[in-house]
Amino acid sequence: MAKKGRFITFEGGEGVGKSTQIRLLAEKLAEAGIKAIVTREPGGSPQAEALRRVILSGAASPFGPAGEAILFAAARIDHIDETIAPALAAGDWVLCDRFADSTRAYQGAAGKLDKSLIDSLERVAVGETRPDLTLVLDMPIEKSLERAAARRQGSAEPDRFEREGRAFHETLRQAFLDIAAAEPQRCAVIDADRPSEQVGQEVWAQVRDRFIKPRRRAEAKD
Ligand SMILES: Nc1ncnc2c1ncn2[C@@H]1O[C@H](COP(=O)(O)OP(=O)(O)OP(=O)(O)O)[C@@H](O)[C@H]1O
Ligand SMILES: [Mg+2]
């Protein structure tokens, strides 16, 4: 069988540092000689990016959580087909900023969408292309929302999800923790309320211990 890259997703609420940590991890992997692509959801392929604009503008919210979830699934199918699966098949690693757990948290827990619909959409959209590791960045929502607002620097408008209230974001935070607790093999919860470098070191430790160290040891035996 062809060599297969690792698929790592970053999850968590608004402003917890997902994009920052993805950049740091991509740098560390490059230093280790591992080729990784960085991508994001919603989006990550031209057609999925077009849907991202529709979803995040709020134009899709009148469809309700089910309609939004179906649009996310459509975007995800294209993203996997066009970007993620080809990279993994080529042996590259894929670092993805949000993935199916965000649908479970945003449309499922916080949007109160029926779990059986979420599960069905996930089966159709994700299929076998499941993450090897999901890093859940966790911190108090007051601080993460402050970070998200500061990043906009008062210029851009908050997006459709940033505009939601405190209860929505608390529910989201708990939903990500619940997902991690239900799938401890796949998920690691990282305390994101620390300087980026410290968070990055823990991210790197997770990745190295799971995927890099054992392989080196195995290679050393050959
Ligand atoms: N550990 C940290 N400590 C302080 N500030 C941080 C930290 N990590 C990221 N930031 C800053 O907080 C803001 C949000 O970070 P980032 O964009 O990485 O979060 P995100 O999870 O990708 O947010 P979003 O969900 O809105 O995409 C940025 O301005 C970033 O520079
Ligand atoms: Mg981001």
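Residues numbered from 1 in each chain as written. Chains lettered and ligands numbered in written order. Predicted model: local features only at pLDDT ≥ 70, side-chain atom pairs only at ≥ 80, totals over all residues. Heavy atoms only, no water.

(A) Local environment of the site of ligand 1. Close to ligand 1 lie 15 residues; Lys 18, Ser 19, Thr 20, Arg 151 and Arg 194 are nearest. Between an oxygen atom of ligand 1 and a side-chain N or O atom of Lys 18, the distance comes to 2.7 Å. When isolated, ligand 1 has an accessible area of 630 Å², and the protein chains bury 75% of it. No other element matches the three residues that helix 1 (residues 18-31) contributes to the shell around ligand 1. When grouped by side-chain class, the residues that make up the shell around ligand 1 number two nonpolar, six polar and seven charged. (Near = heavy atom within 4 Å. Polar contact = N/O pair within 3.5 Å; in protein donor to acceptor, adjacent residues only side chain to side chain. Areas by Shrake-Rupley, 256 points an atom, 1.4 Å probe, with all protein chains shown as cover. Helix = DSSP H or I, 4+ residues; strand = E, 2+ residues; numbered from the N terminus. Nonpolar A, V, L, I, M, F, W, Y, C, P; charged D, E, K, R; others polar.)

(B) Fine view of the pattern of salt bridges. Under the counting rule described, the total for this entry stands at 18 salt bridges. Of the charged contacts, one joins Glu 49 and Arg 40 as a salt bridge, the two residues approaching to 2.7 Å between their closest N and O atoms. Close ionic contact of Asp 191 with Arg 194 constitutes a salt bridge, the shortest N to O distance being 4.0 Å. Assessed through its relative accessible area of 39%, Asp 191 is described here as partly exposed. A relative accessible area of 24% places Arg 194 in the partly exposed class. Three or more residues joined by partner-sharing salt bridges are found here, namely Asp 101, Arg 104, Glu 122, Arg 130, Glu 183 and Arg 186. (Salt bridge = Lys/Arg side-chain N within 4 Å of Asp/Glu carboxyl O. Buried < 20%, exposed > 50% of the residue type's maximum accessible area, 1.4 Å probe, protein only.)

(C) Structural context of the environment of Phe 72. Looking at the element boundaries, Phe 72 is found in helix 3 (residues 64-89). A relative accessible area of 8% places Phe 72 in the buried class. Note: C-alpha distance between Phe 72 and Ser 102 (30 residues apart in sequence) is 9.9 Å.

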